[in-house]
Amino acid sequence: MSKTKIANQNYSLKTFDTIPMLKPHTPLLDEVDSPDDLKKFSTAQLQQLADELREFLLYTTGVSGGHFGSNLGVVELTIALHYVFNSPKDQIVWDVGHQAYPHKILTGRRDKLTTIRSQHGLTAFPERHESEYDTFGVGHSSTAISAGLGMSLAMRYLGKHDKVVSIVGDGAMTGGMAFEAMNDAVQQNADLIVVLNDNDMSISQATGGFSKHLATLWQRGLAVDIDKNGDAIFTKRVISSEDRRIRHYLHMANEALDDWTSRLPNKIVEKLAEKGIPKPSQLETLPEKIANKLIDEVFPENLFKAIGFQYFGPFDGHDVAKLAQVFERVKQLKGAVLVHVHTVKGKGFLPAECDPITYHAITKLKKINPAQEKSVPVDSQKPAPTTAKKYSQVFGEFICDKAATDKQLMAITPAMAEGSGMTEFAKRFASQFFDVAIAEQHAVTLAGGMATQGVKPIVAIYSTFLQRGYDQLIHDVALQNLNVMFAIDRAGLVGEDGATHAGVFDIAFMRTVPNMVIACPKDENECYNLLNTCYEHIGPAAVRYPRGNGIGAEIDKNQAMYPIGKAALEQTIEATAADTSNVAKKVAVLAFGTMVKTAVTACQNLAETYPTTTFFVYNMRFVKPLDSELLDTLLAQNCSIVTLEEHQIMGGAGSAVNEYLVAQAAKTSQTLPTLLNIGIPDKYIAHGSPEQQLADCGLDVAGVVKQMQTIFS
């Protein structure tokens, strides 16, 4: 039976403004070694548990660094899920997974959380080999509904009756894959619960029509609740003027948010008038038919209901007792169900609530003497200043400088404006800036469409996320030879974020595409000027650069143009002794990108051991096209050739060199020289510091020296 009632907020939670440096007192949390331990708590104890979990999360993230605001925002939601559902038999699937720290804490990994993102420690995201509670490996956005649906259909086929719950953020919902999965869930008549964790954010502020749609559902002050029989209940909620979604409604300031009766057909209004039309603050129980009609008419454009989901919400995502009640009732339902919860990113930590973008993630706090202080000011978590710019800063400066003189420049980002260094550009050149939300495929094709009109689009995208737009890169840009530049950030290993975010495949998947130009800068100055070179190039081009800081190179902003496909001799280390052995006499190291510096140092070290050898270090600059003139010369000289790259060896730049040399040697009947490819082996590289990852791959100086010694044996 459908009813109406007024919903009240009847809980309070503890808030913090500093990060504790000492392990907090958490008596309830200390009793939780698995989700089964939650079952012994009363719902009244869950809020205390949430307070303890939040404080413990502050402490551990201060120790380890890592994702911050998103985890604080799902504390109550995570507790409610594990309190109600029987994991791991019930499958709980997290989207992206950067918000899964509370989940890890409640599933037997509490004492290891300070190791998260460190070498041999916990991973930053759910990972199947780490825990049976991590039902699906994640790291990229918008996958949870598809994965959950696959689980549900397989379980149905196998005769299992356990539940599947997919938790997805409103930012991830902007990815087309999420909608593809919802469409299919209805088509398959699947039993699937989707929890929409709506915080009006991804990393950046949520954008677009979908964000406004969710705001519409929230700001009406109305909700669809569920009673113990599984029937819909029409409720009134309290709206706070501090809610960030008010921004969507500034243009509606003269309209009363609670004037919901104006949305109803006249016949319904007349029917209600017979009983005395209640104001939202005076809602009383209404007859079942009218209550049902209210739900249908007040939420007429509800996207999820239109698709075919049973919709409940929106609910306060920090009312743990209410969430537990809702989940307990929803799990009895059959079919596709969506539970809409509203959370606050950074909840409970005041600085993060005020600035969720900055506090999306934090670095490790400096260790202090426990006797000195129990907590530290939040500003102390900021990294020490460095004179070397981040590569994302270099890109941000370039697009601002270029747009100042070129009005054809259009900059596109799939929800990574801050990470890609585009915030200043977005302010200064708002009409030329396009944040398309988490929609990589759309971003690439959007750029292609723009290019047909004579403007010059730049797609700023992380290497790992460009993988999601590969078909569009081929079909919608390169095949048509459209004038689009890709600024590929986070190319190479990415340290603590691990394998899910590593940018080690882009050379392999781009160099096989006709018309593409691929550039790899060795430092900040070359990054700036290769960006300029590829921007001025007519046709599709990509500049790939790493995460983090450069080496401190001074940037010449005269916007130089490098000849495309030409390498530069970086350094020659001449032989210092006469030839008395049969070891290699000439070694050419072809270094790509930031490996140039490593190559120089490695060759300097090797020159001491092999004084009769002359070493040539080349800064290749381009993977495609390669400097064929240089390669022909080296082939003719029968010079031993080493390639060095921070990318998979298989299919990478070294493979391109091999292909060219083998073909040319056969064509010209020349002897193929000694070849050695140094790069990332055919495996996924686990998380750790950047230095640890490079050492694991043999890409630090010591590792490169060791591998190069094989050509002298």
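All values reported here derive from a predicted model rather than from experimental measurement.

Peer 1: Can you walk me through the overall build of the protein in this structure?
Peer 2: Secondary structure summary: the protein contains 24 helices and 24 strands in total. Relative to all contacts within the protein whose residues are 6 or more apart in sequence, the contacts with residues 24 or more apart total 79%. Carbon and sulfur atoms provide 51% of the accessible area of the protein, an area that totals close to 29000 Å².

Peer 1: Looking at this structure, how should I read the sheet that holds strand β14 (residues 433-435)?
Peer 2: Strand pairs in the sheet, formed through backbone hydrogen bonds, run parallel or antiparallel to each other. Spatially, β14-β13-β15-β16-β18-β17-β22 is the arrangement adopted by the seven strands of the open sheet, whose pairing is mixed. Looking at which strands have only one partner, the edges of the open sheet turn out to be β14 and β22 (622-624). Going from strand to strand, the sheet's axes swing by 20 degrees on average, the running direction of each strand aside. Direction of pairing for strand β17 (residues 517-519) relative to strand β18 (residues 541-544): parallel, over a ladder of three bridges. Paired with V517 across the strands is A541, a residue of β18. Along the sheet, helix α13 (residues 391-403) makes contact with β13 (409-413), β15 (456-462) and β16 (485-489), crossing β15 at roughly 170 degrees. Sheet strands touched by helix α19 (residues 524-536): β13, β15, β16, β17, β18 and β22. Its angle to β18, the strand with the most contacts, is close to 170 degrees.

Peer 1: Please explain the packing of helix α15 (residues 440-451) against helix α17 (residues 470-478) as it appears in this structure.
Peer 2: Packed helices, taken two at a time, are described by their axes: the angle between them and the distance between them. Where α15 meets α17, the axes come as close as 9 Å, and the angle between the chain directions of the two elements is 10 degrees. Between α15 and α17, the angle is such that the two are roughly parallel. Side by side, α15 and α17 meet where Q441, V444, T445 and G448 of the first sit next to Q472, L473, D476 and V477 of the second. Here the residues of the contact of α15 with α17 sort into three nonpolar, four polar and one charged.

Peer 1: Looking at this model, I keep getting lost on helix α1 (residues 43-64). Mind explaining?
Peer 2: Between its first and last C-alpha, α1 extends 31 Å over 22 residues, near the 32 Å set by a 1.5 Å rise per residue. A positive phi of about 75 degrees marks G65, the residue just after α1.

Peer 1: It is not clear to me how the side chain of T464 should be interpreted in this structure. Could you clarify?
Peer 2: Among the secondary structure elements, T464 is positioned in helix α16 (residues 463-466). You can call T464 buried: its relative accessible area is 2%. Side-chain polar atoms of T464 contact the side chain of H140, separated by 2.7 Å.

Peer 1: Looking at this structure, I do not really get the packing of aromatic side chains. What am I missing?
Peer 2: For any pair of aromatic rings, the description rests on two quantities: the centre-to-centre distance and the angle between the ring planes. One pass over the structure, following the stated rule, counts 16 aromatic pairs. When the ring of F85 is compared with that of F327, the centres are 6.0 Å apart and the planes differ by 50 degrees; the resulting orientation is tilted. Taken together, the residues span a long stretch of sequence, with F85 in the loop between α3 (75-84) and β4 (91-94) and F327 in helix α11 (residues 320-330) at a distance of 242 residues. Positioned above the aromatic ring of Y535, the side-chain terminus of K456 is 5.4 Å from the ring centre.

Peer 1: Which parts of the structure should I look at to understand the environment of A460?
Peer 2: For A460, the position within the fold is in strand β15. Separated by 65 residues in sequence, A460 and F395 have C-alpha atoms that sit 9.0 Å apart.

Peer 1: What's the story with empty space enclosed by the protein in this structure? I'm lost.
Peer 2: Rolled over the atoms, a probe with the dimensions of a water molecule shows which regions are left empty. Enumeration according to the criterion identifies three cavities of 30 Å³ or more in this entry. Looking at the largest cavity, its volume works out to about 100 Å³. The wall of the largest cavity is formed by A491, G492, C520, P521, R544, Y545, P546, F592, G593, T594 and E646. Counted by class, the lining of the largest cavity contains six nonpolar, three polar and two charged residues.

Peer 1: What exactly am I supposed to notice about the sheet that holds strand β20 (residues 586-591) here?
Peer 2: Judged by pairing direction, the sheet is mixed, and its five strands sit side by side in the order β19-β21-β20-β23-β24 without closing on themselves. Edge strands, defined here as strands with exactly one partner in the open sheet, are β19 (568-573) and β24 (675-680). Taken over all neighbouring pairs, the strand axes of this sheet differ in orientation by 20 degrees on average, direction set aside. Bridging between β20 and strand β21 (residues 614-619) involves six bridges; their strand directions are parallel. Following the sheet pairing, A591 is matched in β21 by N619.

Peer 1: It is not clear to me how the nonpolar core should be interpreted in this structure. Could you clarify?
Peer 2: The biggest cluster of nonpolar side chains holds 87 residues, and the ones touching the most others in it are L81, M173, F304 and F327. The biggest single contributor to this core is α1, with eight residues. Excluding residues that lie within four positions of it along the chain, L81 makes contacts with I92, W94, V165, I167, V195 and F327. Formed by 51 residues, the second largest nonpolar core is a distinct cluster that contains M410, M416, V455 and M510.

Peer 1: Sorry if this is basic, but what is going on with helix α5 (residues 144-157) here?
Peer 2: Residues spaced three or four apart along an α-helix face the same direction, because each turn holds 3.6 residues. When the terminal C-alpha atoms of α5 are compared, their 20 Å separation across 14 residues agrees well with the 20 Å that a helix rising 1.5 Å per residue should span. Listed in full, the buried residues belonging to α5 are A144, I145, A147, G148, L149, M151, S152 and M155. On its buried face, α5 is in contact with β4, β5 (164-169), α6 (176-187) and β6 (192-198).

Peer 1: Just checking my understanding: could you explain the pattern of salt bridges for this structure?
Peer 2: In a structure, side chains of opposite charge can pair up when their charged atoms sit close to one another. Under the criterion given, the structure shown has 26 salt bridges. Its salt-bridge partner being E397, residue K389 comes within 2.8 Å of it at the nearest N-O pair. For K389, a relative accessible area of 31% corresponds to the partly exposed category. Two residues, D489 and R490, come together in a salt bridge whose shortest N-O distance is 2.8 Å.

Peer 1: In this structure, what is going on with the confidence of the model for the protein? I would like to understand it.
Peer 2: Regions with low pLDDT carry predicted coordinates that are not meant to be interpreted in detail. The predicted model of the protein has a mean per-residue pLDDT of 87, with 84% of residues at 70 or higher. Every residue in residues 1-8 is under pLDDT 50, and counting partners more than four places away or in other chains gives 35 contacts.

Peer 1: Please explain the environment of S70 as it appears in this structure.
Peer 2: If you trace the backbone, S70 turns up in helix α2 (residues 69-72). When its relative accessible area of 6% is taken as the criterion, S70 is described as buried. What S70 contacts, discounting residues up to four positions off in sequence, is H98, Q99 and K345.

Peer 1: Can you help me understand the environment of D30 in this one?
Peer 2: Mapped onto the fold, D30 is located in the loop between β2 (19-20) and α1. For the pair D30 and E52, spaced 22 residues apart in the sequence, the C-alpha separation amounts to 9.4 Å. With residues near it in sequence (within four places) discarded, D30 still touches K23 and R110. Here the side chain of D30 touches T26 through a polar contact of 2.9 Å, side chain to side chain.

What counts, and where the lines are drawn
Position numbers for residues count from 1 along each chain, tracking the sequence in the order it is written. Local features in this predicted model are restricted to residues whose pLDDT is 70 or higher, and side-chain atom pairs enter the listing and the counts only when it is 80 or higher, whereas totals over whole chains, interfaces and linings include all residues. Side-chain measures were taken over the full set of non-hydrogen atoms in the model, leaving aside hydrogen atoms and water. Here a strand is any run of E in DSSP of at least two residues, a helix any run of H or I of at least four, and the numbering for each starts at the N terminus. A contact between two residues is defined here by any heavy atoms of the two lying within 4.5 Å. Per-residue and other accessible areas follow the Shrake-Rupley method at a 1.4 Å probe size, with only the shown protein chains counted as cover for residues. At least two bridges found by DSSP between two strands is the condition for calling them paired. Each axis is a line fitted through C-alpha atoms, taken for helices only over the stretch in contact, and angles between the N-to-C directions span 0 to 180 degrees. We call two directions roughly parallel when the angle between them is under 35 degrees, roughly antiparallel when it is over 145, roughly perpendicular when it lies between 65 and 115, and oblique otherwise. Under this grouping Gly is polar, as are all residues other than the nonpolar Ala, Val, Leu, Ile, Met, Phe, Trp, Tyr, Cys and Pro and the charged Asp, Glu, Lys and Arg. Take the residue count of a helix, subtract one, and multiply by 1.5 Å to get its expected span. Think of it in three bands: with a 1.4 Å probe and only protein chains considered, a residue is buried below 20% of the maximum accessible area for its type, exposed above 50%, and partly exposed in between. Any pair of N or O atoms that falls within 3.5 Å is considered a polar contact. Within protein, one atom must be able to donate a hydrogen and the other to accept it, and sequence-neighbouring residues count only if both atoms are side-chain atoms. Each aromatic pair joins two rings of Phe, Tyr and Trp (for Trp, the six-membered one) with centres within 6.5 Å, and gets the label stacked for planes under 30 degrees apart, edge-to-face for over 60, and tilted for any other angle. Sitting over a ring, as applied to charges here, requires NZ of Lys or CZ of Arg to be within 6 Å of the ring centre and within 35 degrees of the ring normal. Each cavity reported here is a set of points on a 1 Å grid over the protein atoms alone in which a 1.4 Å probe fits but cannot get out, each pocket an open set with protein on both sides within 12 Å along at least five of seven lines, and each lining residue one with an atom within 4 Å of a point. Grid points are joined across faces, edges and corners, and a volume is the space filled by probe spheres set on the points. By nonpolar core is meant a set of buried Ala, Val, Leu, Ile, Met, Phe, Trp, Tyr and Cys residues that side-chain atoms within 4.5 Å join together. By definition here, a salt bridge exists when the distance from a side-chain nitrogen of Lys or Arg to a carboxyl oxygen of Asp or Glu is within 4 Å. Per-residue confidence from the prediction method is given by pLDDT, with values spanning 0 to 100.

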